[in-house]
Amino acid sequence: MSVTYIEAIREAQETLLRNDPRVFLYGQDIATFGGAFKATKGLAEMFPQRVFDSPISEDAMIGLAVGAAIEGLRPIVEMQFADFSSIAFNQIVNQAATHFYRTGMPIPITVRLPSGGTAGSGPFHSQSMEGIYAQYPGLVVLTPATVSDAYHMLIDAVALDDPVIFCEHKFLYRWLKAKSINGDLLPIGQARIIRPGKHATVVAYSAMVHEAVRAADHLQQDGWNIEVVDLRSVKPLDIDTVLASVARTGRLLAVGEAFPWGGVTAEVVARVTEEGFHLLDAPPQRLNARDTPVPYHPKLWAAHRPTPESICQALRKLLTF
Amino acid sequence: MSVTYIEAIREAQETLLRNDPRVFLYGQDIATFGGAFKATKGLAEMFPQRVFDSPISEDAMIGLAVGAAIEGLRPIVEMQFADFSSIAFNQIVNQAATHFYRTGMPIPITVRLPSGGTAGSGPFHSQSMEGIYAQYPGLVVLTPATVSDAYHMLIDAVALDDPVIFCEHKFLYRWLKAKSINGDLLPIGQARIIRPGKHATVVAYSAMVHEAVRAADHLQQDGWNIEVVDLRSVKPLDIDTVLASVARTGRLLAVGEAFPWGGVTAEVVARVTEEGFHLLDAPPQRLNARDTPVPYHPKLWAAHRPTPESICQALRKLLTF
Amino acid sequence: MGSHCLKSIPVPHLDMPPFTDGALSNRDFLRSVFLSMLRARILENKLSSLYKAGKIFGGVYLGRGQEAVSATLGTALIQGTDIFAPLIRDQAGRTAFGEPLLDCTRTYLGSVQGPMRGRDGNIHRGRPKSGIPVMISHLGSQVSVVAGMLFARRLQGRLAGCVGATCVGDGATSTGAFHEGINLAAVEKLPLVLIVANNQFAYSTPNHRQFACADLVERARGYGIGGFAVDGTDLLACASVITEAIRRARQGLGPQMVVARLLRLSGHGEHDDAFYVPKEVCDDHYGRDCLDVAMRQLVENGIATPEEIHVWQDQIAEEVQRAVAQAQQETPPDPYNEDWTALATRFPLLVRQSATPPVCP
Amino acid sequence: MGSHCLKSIPVPHLDMPPFTDGALSNRDFLRSVFLSMLRARILENKLSSLYKAGKIFGGVYLGRGQEAVSATLGTALIQGTDIFAPLIRDQAGRTAFGEPLLDCTRTYLGSVQGPMRGRDGNIHRGRPKSGIPVMISHLGSQVSVVAGMLFARRLQGRLAGCVGATCVGDGATSTGAFHEGINLAAVEKLPLVLIVANNQFAYSTPNHRQFACADLVERARGYGIGGFAVDGTDLLACASVITEAIRRARQGLGPQMVVARLLRLSGHGEHDDAFYVPKEVCDDHYGRDCLDVAMRQLVENGIATPEEIHVWQDQIAEEVQRAVAQAQQETPPDPYNEDWTALATRFPLLVRQSATPPVCP
Ligand SMILES: Cc1ncc(C[n+]2csc(CCOP(=O)(O)OP(=O)(O)O)c2C)c(N)n1
Ligand SMILES: Cc1ncc(C[n+]2csc(CCOP(=O)(O)OP(=O)(O)O)c2C)c(N)n1
Ligand SMILES: [Mg+2]
Ligand SMILES: [Mg+2]
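Each value, and the rule that gives it
Residues numbered from 1 in each chain as written. Chains lettered and ligands numbered in written order. Predicted model: local features only at pLDDT ≥ 70, side-chain atom pairs only at ≥ 80, totals over all residues. Heavy atoms only, no water. Helix = DSSP H or I, 4+ residues; strand = E, 2+ residues; numbered from the N terminus. Rg over C-alpha atoms; globule rule 2.2 N^0.38 Å. Contact = heavy atoms within 4.5 Å. Areas by Shrake-Rupley, 256 points an atom, 1.4 Å probe, with all protein chains shown as cover. Lys, Arg positive; Asp, Glu negative; His and termini not counted. Charge placed at Lys NZ, Arg CZ, Asp CG, Glu CD. Buried area = accessible area lost by both parts, 1.4 Å probe. Salt bridge = Lys/Arg side-chain N within 4 Å of Asp/Glu carboxyl O. Polar contact = N/O pair within 3.5 Å; in protein donor to acceptor, adjacent residues only side chain to side chain. Nonpolar A, V, L, I, M, F, W, Y, C, P; charged D, E, K, R; others polar. Near = heavy atom within 4 Å. Expected span 1.5 Å × (residues − 1). Buried < 20%, exposed > 50% of the residue type's maximum accessible area, 1.4 Å probe, protein only. Donors = N, O, S within 2.8 Å, 3.2 Å for Na, K, Ca; no water.

Examining the overall build of chain A
When helices and strands are counted, chain A shows 12 helices and 14 strands. Taking 2.2 N^0.38 as the reference for a compact globule, 321 residues should give roughly 20 Å; the C-alpha atoms of chain A span a radius of gyration of 19 Å, in line with that estimate. Dimensions of chain A along its principal axes, counting C-alpha atoms only, are 60 × 40 × 35 Å. For chain A, the share of sequence-separated contacts (at least 6 apart) that also reach a separation of at least 24 residues comes to 80%. Accessible surface, chain A: about 8,000 Å² in total, of which carbon and sulfur atoms supply 54%. Averaged over its 28 positive side-chain charges, chain A has a centre that lies 5 Å from the centre of its 33 negative ones.

What to know about the interface of chain B and chain A
In this complex, chain B contributes 46 residues to the contact, which on the side of chain A involves 46 residues. Across the chain B to chain A interface the summed buried area is about 4,400 Å²; carbon plus sulfur atoms make up 66%. Applying the counting rule to chain B against chain A returns four salt bridges. Note that Asp291 of chain A is salt-bridged to Lys235 of chain B, the shortest N-O span being 3.1 Å. Here chain B and chain A share 16 residue pairs in polar contact (both at pLDDT 80 or more) between them. Mapped by element, the contributors of at least two residues to the side of chain B that touches chain A are α4 (89–103), α5 (130–133), β12 (233–235), α10 (263–276) and β14 (285–287) of chain B. The greatest single-element share of the side of chain B that touches chain A, amounting to nine residues, is contributed by α10 of chain B. Residues of the side of chain B that touches chain A, tallied by class, amount to 26 nonpolar, 12 polar and eight charged.

Remarks on the environment of Gly104 of chain B
Mapped onto the secondary structure, Gly104 of chain B falls in the loop between α4 and β5 (110–115). Through-space distance from the C-alpha of Gly104 of chain B to that of Asp222 of chain B is 55 Å; in sequence the pair is 118 residues apart. Ignoring anything within four residues of it in the chain, the contact list for Gly104 of chain B reads His99 of chain B together with Arg117 of chain D.

Focus: the site of ligand 2
Contacts to ligand 2 come from 20 residues, most closely from Glu58 of chain A together with Arg89, Gly171, Asn199 and Phe201 of chain D. For ligand 2, a nitrogen atom lies 3.4 Å from a polar atom in the side chain of Gln80 of chain A. Separating an oxygen atom of ligand 2 from a side-chain N or O atom of Asp170 of chain D is a distance of 2.9 Å. Notes on ligand 2: free accessible area 590 Å², of which the protein chains cover 95%.

Some words on helix α6 (residues 147–159) of chain A
Compared with the 18 Å implied by 1.5 Å per residue over 13 residues, the 19 Å span of α6 of chain A between its first and last C-alpha is a close match. In terms of burial, α6 of chain A is a largely internal element, 10 of the 13 residues being buried.

Describing the coordination of the magnesium ion (ligand 4)
Residue and element names in this part refer to chain D. Looking at the metal site, the magnesium ion (ligand 4) is ligated by Asp170 (OD), Asn199 (OD1) and Phe201 (O), spaced 2.0 to 2.1 Å from it. Along the chain, the residues donating to the magnesium ion (ligand 4) are arranged with the sequence spacing D-x28-N-x1-F. Residue Asp170 is found in the loop between β2 (164–169) and α6 (176–187), and its partner Phe201 is found in strand β4 (residues 201–202); the two are separated by 31 residues along the sequence. Phe201 sits in the buried class, given a relative accessible area of 7%.

Some details on the side chain of Asp82 of chain C
All names here are of chain C. With respect to the secondary-structure elements, Asp82 resides in the loop between α2 (67–76) and β1 (83–85). By relative accessible area, which is 1% here, Asp82 ends up buried. Engagement of the side chain of Asp82 in a polar contact is seen with the backbone nitrogen of Ile78, the distance being 2.7 Å. Within the structure, Asp82 has its side chain in polar contact with the backbone nitrogen of Val163 (distance 2.9 Å). For Asp82, the residues in contact, after removing those within four places along its chain, are Leu77, Phe97, Gly131, Arg153, Gly161, Cys162, Val163 and Arg250.

The following block contains the structure:
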């Protein structure tokens, strides 16, 4: 018996619907069809009148969720792909994110973004938007990398009073399996040392955690002990855990799947150097996707994002500085 | 005789309309009314059928511009406020920005964003979105800080084959004056050392350049020579000029008016530490706006963004590290 | 009442006969609407003077000429039950729906005691807990929010008898948000009342650069919702048509759209002299002042006397004066005591960090 | 022709009399349309097999059941003059408008010689220089792009005689982009032809969760544009109505919207078995296969013989086979030789920097 990352997300939604009458689900093709990725499979039948197919209106979908939150509900909105949240961008960053600061009334909505690249998905079904949303005050941006986190962080996300951008990685949906949804539970806002080490720290999140662990395992053969930190949440960012790790290793590589300008890796490196400059024995490094749209062809796609190989290469450079 | 920053932008558009038959202007209230900030004042009369009032449809405004660019024209689109470009976000980052990579055909459009805060403008008429757009491959993001740059960079922007996000600062519109639009001309992509110094480097752009220069002038009284680098363009980012400056000063403070997570200051600090770690004598620092929406009240607003005082304070800390 | 309220406007989708016992039958209602119109006008005149005297930060946006539409709506809605999401030119509707004058003056003058505490200003105010959601500037964005509020109430089993109303201008009808919001409300058959105040201009942009249909009410059928056209300068017409639209929404007939034709009798904001409005437009039927029309209608129909109205004017001027004076003497926000956080959640791990942002001396 | 092409669909805004000399008068046109329908169907059947055999990266999206509408449009447009912005289900229209079969197979199979060079795939292809802009996935986004192309041609003085056409599905009509785009085109009175293929589902979502009006054609009046409803399973009806819409646009009557009713005769993509389509829907009038109908219409009216059609089928199968084989033997993109830049401008200062991104070994 095993549970996949997507099943964990489905389970979490089932649990939420069961335990919290304030929760409802809204999104394209999520009722009868169970969602483009089957994250809501069977839920419409189990919870009639709590799971709704929406029109193809991302802006209005978030507007509806904000309105429902004002009235005391806790909507979970599924974007069919993270990339289509660009249509809801205004409602997310200007309506939902500013509401608490402006009015004192929080907007507890959870927006699920099927994120990240998979082979053959192309420029508009592959994007990683965490670094976009994290720039805006008033949003919590979560990026679970494990089956257990996919489940528990979604539960936690809905419990938060603030709007949460929940970035699920499509590549992990079926590829990532665990014995159960149980795992070591951490609160939202705390990073996890997913692989301890002492020679260098790799900070990663979402699917890149697994690529980083692979790279670390590979370098182990050469005697390098690489520590991998899974951020879990990119906003808030648990810089203390990162600093503590860098204090042990003296070396930092930040890895992300998003485009290379700005984003999570820049924030991590800037925060670490600002607050932990003296801890560093070598220039902190970053590894991101390339500065082009995400290409369609699997051969191009595989060279566009960081891979265990390119992470190893970056680490070797860092370790031998 | 003097020319303001907004007049320079108006002049540039007049010059462009006069010299390049491919140029036309499209935006809300830009024809008869001359634009919310009068950046197109009189142009509709001078160039009938080249300056158009658009409906309140930011998404379609950019779609129209992309279509016109495909057919060989060079549209300049005015967003009434940068903040409203959130409605055009999808067309900018997914349609315009990806077109060259996908098809090989560039999209030479210029999107003018009246950006940044002014007292009393509030959360939705004050935003600085350069760090959002710069994250996307396929866009050039310009942030002129001087009257001369406002003119010449707009001329250059329209000459570029790529889509340009032209971030004009509303605070500078009427406040910033120069003798003429002539100045030392630099190509797009090159930063300018606007104030030479030797004890620390402040990297800034747009309105913050002037706040940084004021802070530097203030610290001069205490014998500190602060170098101020005006990025001019945040994407591409001229990291070489920044590194050369840091090589001289050993100290870096990056100042921006945008929200504190990620953005230009994070990219600058991350790039400098990645490539110029050995040049640094102290931890590089950042100063951004606070992590809340931009508040309406002038008293709050003035404390939300970096000021000469807070820049001085950050510099003193940096200088005495 | 009869037909004059619909004069010269095609009504392709008015699928019920014209109202028979018209607005005149409800004298108290009309007096109440008129009072809100007057209150709004006097308050806004004061705001305009304050702006011109440099006493207000940022812009001032008036609803002059739109009071009949807005006040009718605000009066016909039930406070504590219904939802009202006002937009730029809805001072009259806000007043009618029970928003205290102080909310307005405090927000415009930046008192920390106002509902927005100096964080947002002017027309960007509301009390979401009392059914007045707070607009963001992005036009069209409130339609789906009101739809969501109604949707939630249905799920909670407390929708019966409620309607949610919101207003937009002619310009806002060109936004994608407006379209998505109405369409969604129509699909969900929500009791949404949408008032389109076609004041012939969006900032400086005239109707013919904004849409190409003969009348915006023609959009209603395409959404499968009720559609009404009304002369927005005519209080009696507004009273009939808007109350009817609300009645139908409340009755479960789904969204209702009312397109009111009128003219904005001010600039876009008080910084704008509206030079672009042609004289013919000012002089035509819809250029008349709805407040004058209403006064005449009330007096002619014996609903109020000129003397009464004078007394009201004086009383309101006094009220307004007090609301302004009060807000002016209140404290502005203090950046040192401001709670600089955009999140309701206090993440325990981040307490140290939230102290980090620079303090401005 | 007469009335049968408009059968059972309300046409509120068909403001010209029904066509008198119908589609049948143009036999060559119909043969040409039919050939494109056939070519698309045979090609798409092949794509489906390739997908099932695991030979295609990513999804496969078919236009099965929509060929009559799409091919009529593509055939009626003038190559080299008009603009055609196809969407998901327009293989037939692409073929008819002159897109080589190789563009399709190369893009689906990731050949570097295709117009997208492996950078984009499947239906995300085109040749903007030849009047075929390339769609992005975000539904509704192409409407304003086509409007912009037409707008540019007007400014350049080369609009005369041109039209620009684009297609959307029923689901895409709920997007803000669709609304903003049409409204803008209407304001500018551009010669835009907008085909709404109402195939009754958007992915799995049925019409009643997508819109609330009786027929989407009722939106036309609200935009002030021409509106036509047509039975999209009926080639003769499509030929009459779509050519008429194009004629009117070309004539300067502004945007024209054609709403074609039909059923998607496949899943949303080939991964989808469409279990959610009720049997009654498949069995009703619009569930019939437009290709069968077209074949019957051609044969019954003596426009083509069954023998001819058989020959065409064989020829096309051969063509398709060749286009697939060719694309399959071509080289895939090579990440080492890929020009990894999203900008056309080569900033001299950045040459060093653009070499920086990590190379994957
Ligand atoms: C999406 C968006 N674009 C632009 C603006 C700037 N803007 C504010 S009010 C206005 C005109 C609004 O016109 P209309 O909807 O007719 O309302 P009115 O002011 O006439 O009441 C514009 C363009 C905005 N607020 N939102
Ligand atoms: C803005 C946006 N939201 C969601 C999607 C995901 N999506 C792709 S196709 C589709 C259904 C489209 O339905 P319709 O417009 O009716 O076209 P059809 O597939 O039926 O031809 C959806 C939801 C998208 N492409 N764009
Ligand atoms: Mg208006
Ligand atoms: Mg469909």
